[in-house]
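# Coordinates in review
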Amino acid sequence: MNASTPSPAQNQASTATLYGGVTNRRVTVRDLAAAKQRDEKWSMLTAYDALTAGVFDEAGIPVLLVGDSAGNCHLGYETTVPVTMDQMVMLSAAVVRGTKRAMIVADLPFGSYQESPAQAMHNAARLMKDAGVGAVKLEGGERSARSIELLVEAGVPVMAHIGLTPQSVHALGGYPVQGRGDEAAHQLLRDAKAVQQAGAFSVVLEAVPAELAAQVTEQLAIPTVGIGGGPGTDAQVLVWTDMAGMTAGRVPKFVKQYADLRTVLGDAARAYAEDVRTGAFPAAEHSFR
């Protein structure tokens, strides 16, 4: 077999769709690259525990992100900034244990990679060795290119994240849409090309005008993952508690809620409490003899 002849594994990656085609192993970066080549769009959801990760894995979601968004939707923080490496390792390991097929990507939290590429390598290794994830994600375009390059050279698959970067919430003064105006759009394009050049296997585009996100997608060879980036990206990601209607109050404009689990769980809890109060639970069938 010469260098130009695809191996059986390469043929499998290039012909099997992400939905149903890959069933006996984890989804890999090569599967995602092949999906872009055949214009197959794919979904990513966040996950933070074994139980819900298992549900999403069984549903066929090809990529699960253990996001530092856990800080907002599970740990009670106002932002993602307080999330620690120890927390990310614990949550990531649980998601890995709860799944069989999905690629598991874990966020490097704030303060775990900004100091130097060496710091990024140390903490990425923790997520891969101690938690067993298949890839890591970090925020930043040109400013993070050196860290991405070192990680990739060391064998760590990296998903980049540009546009709105939630770890920079204090510097940004909130969560504004990014890439509006010529200068900002040009910077986003430079950031996208910088992370691709550094070796990232994909890039998240958050809170970016749809036309710009589509333009970036057309210019990159690696898959783009939109969250508030419109329909022109190669993939989409949502925080699962937003997607399933668990989040209280307003959700971002880009969220579509596919269920109302907050109401379902609340109703179940109230029904349980009422049964306990009235003595209806536990009944004879719930008791040992």
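Quick note: structure is the one above.
Quick look at the structure, then. (Residues numbered from 1 in each chain as written. Predicted model: local features only at pLDDT ≥ 70, side-chain atom pairs only at ≥ 80, totals over all residues. Heavy atoms only, no water.)

The next subject is the overall build of the chain. Counting its secondary structure elements, the chain contains 12 helices and eight strands. A compact globule built from 289 residues should have a C-alpha radius of gyration of about 19 Å, and the chain, at 21 Å, falls within 12% of that. By the burial criterion, 48% of the 289 residues in the chain qualify as buried. A total accessible area of about 14500 Å² is found for the chain, and carbon and sulfur atoms account for 56% of it. In the chain, 24 positive and 29 negative side-chain charges are present, and the distance between their average locations comes to 3 Å. (Helix = DSSP H or I, 4+ residues; strand = E, 2+ residues; numbered from the N terminus. Rg over C-alpha atoms; globule rule 2.2 N^0.38 Å. Buried < 20%, exposed > 50% of the residue type's maximum accessible area, 1.4 Å probe, protein only. Areas by Shrake-Rupley, 256 points an atom, 1.4 Å probe, with all protein chains shown as cover. Lys, Arg positive; Asp, Glu negative; His and termini not counted. Charge placed at Lys NZ, Arg CZ, Asp CG, Glu CD.)

With parallel pairing, the eight strands of this closed barrel are ordered in space as 1-2-3-4-5-6-7-8. The average undirected angle you get between the axes of adjacent strands in this sheet is 25°. Taken together, the three bridges between strand 1 (residues 42-46) and strand 2 (residues 63-66) define a ladder with parallel strand orientation. The partner of Met 44 across the bridge, within strand 2, is Val 63. Helix 7 (residues 145-153) rests against strand 4 (135-139) and strand 5 (158-163) of the sheet, and its axis sits at about 165° to strand 5. (Pairing = 2+ DSSP bridges. Axes fitted to C-alpha atoms, helices over the stretch in contact; angles between N-to-C directions. Contact = heavy atoms within 4.5 Å.)

For the peptide bond that leads from Phe 281 to Pro 282, omega is 0°, which places it in the cis range. Looking at where Pro 282 falls in the secondary structure, it is placed in the segment after helix 12 (261-278). In this structure, Asp 39 is a non-glycine residue whose phi angle is positive, near 60°. With respect to the helices, strands and loops of the structure, Asp 39 is situated in the loop between helix 2 (29-37) and strand 1. Taking relative accessible area as the criterion, Asp 39 reaches 68% and is therefore assigned exposed.

Turning our eyes to something else, we now look at the packing of aromatic side chains. Considering all chains together, one arrives at two aromatic pairs under this definition. Ring geometry for Phe 56 against Trp 240: centres 5.8 Å apart, planes inclined by 65°, an arrangement best described as edge-to-face. Pair noted here: Phe 56 is in helix 3 (residues 50-58) and Trp 240 is in helix 11 (residues 240-243), with a separation of 184 residues, a long-range link. One exposure class covers both Phe 56 and Trp 240, and it is buried. Ring centres of Tyr 272 and Phe 281 lie 6.0 Å apart, and the angle between their planes is 65°; this geometry places the pair in the edge-to-face category. Residue classification places Tyr 272 among the exposed positions, given a relative accessible area of 52%. (Phe/Tyr/Trp six-rings, centres within 6.5 Å; stacked < 30°, edge-to-face > 60°.)

Attention now goes to helix 12. The end-to-end C-alpha separation of helix 12 is 26 Å, in line with the 26 Å expected for 18 residues at 1.5 Å each. A positive phi of about 85° marks Gly 279, the residue just after helix 12. (Expected span 1.5 Å × (residues − 1).)

With that out of the way, let us pick up the packing of helix 7 against helix 9 (residues 182-198). At a minimum axis distance of 8 Å, the contact between helix 7 and helix 9 shows a crossing angle of 25°. Comparing the axis directions of helix 7 and helix 9 gives the class roughly parallel. Classified by chirality, the crossing of helix 9 by helix 7 is right-handed. Residues Ala 145, Ile 148, Glu 149 and Val 152 of helix 7 touch helix 9, and the partners they reach there are Ala 194, Val 195 and Ala 198. (Parallel < 35°, antiparallel > 145°, perpendicular 65-115°, else oblique. Left-handed = near helix turned anticlockwise from the far one by under 90°.)

Applying the stated criterion across every chain, the model contains eight salt bridges. Asp 86 is paired through a salt bridge with Arg 126; the nearest N and O atoms lie 3.0 Å apart. Separated by 40 residues along the polypeptide, Asp 86 in helix 5 (residues 85-97) and Arg 126 in helix 6 (residues 117-131) bring together distant segments of the chain. Of the residues examined, Arg 126 reaches a relative accessible area of 24% and is grouped as partly exposed. (Salt bridge = Lys/Arg side-chain N within 4 Å of Asp/Glu carboxyl O.)

Turning our attention to the environment of Leu 108. Examined against the element boundaries, Leu 108 turns out to sit in the loop between strand 3 (103-107) and helix 6. A residue is classified by how much of its surface remains accessible, and Leu 108, at 0% relative accessible area, is buried. Each C-alpha atom of the pair Leu 108 and Ala 120 lies 8.0 Å from the other, and the pair is 12 residues apart in sequence. In this structure Leu 108 touches Met 85, Tyr 113, Ala 120, Asn 123, Ala 124, Leu 127, Val 136, Lys 137, Leu 138 and Gln 167, once residues within four positions along its chain are discounted.

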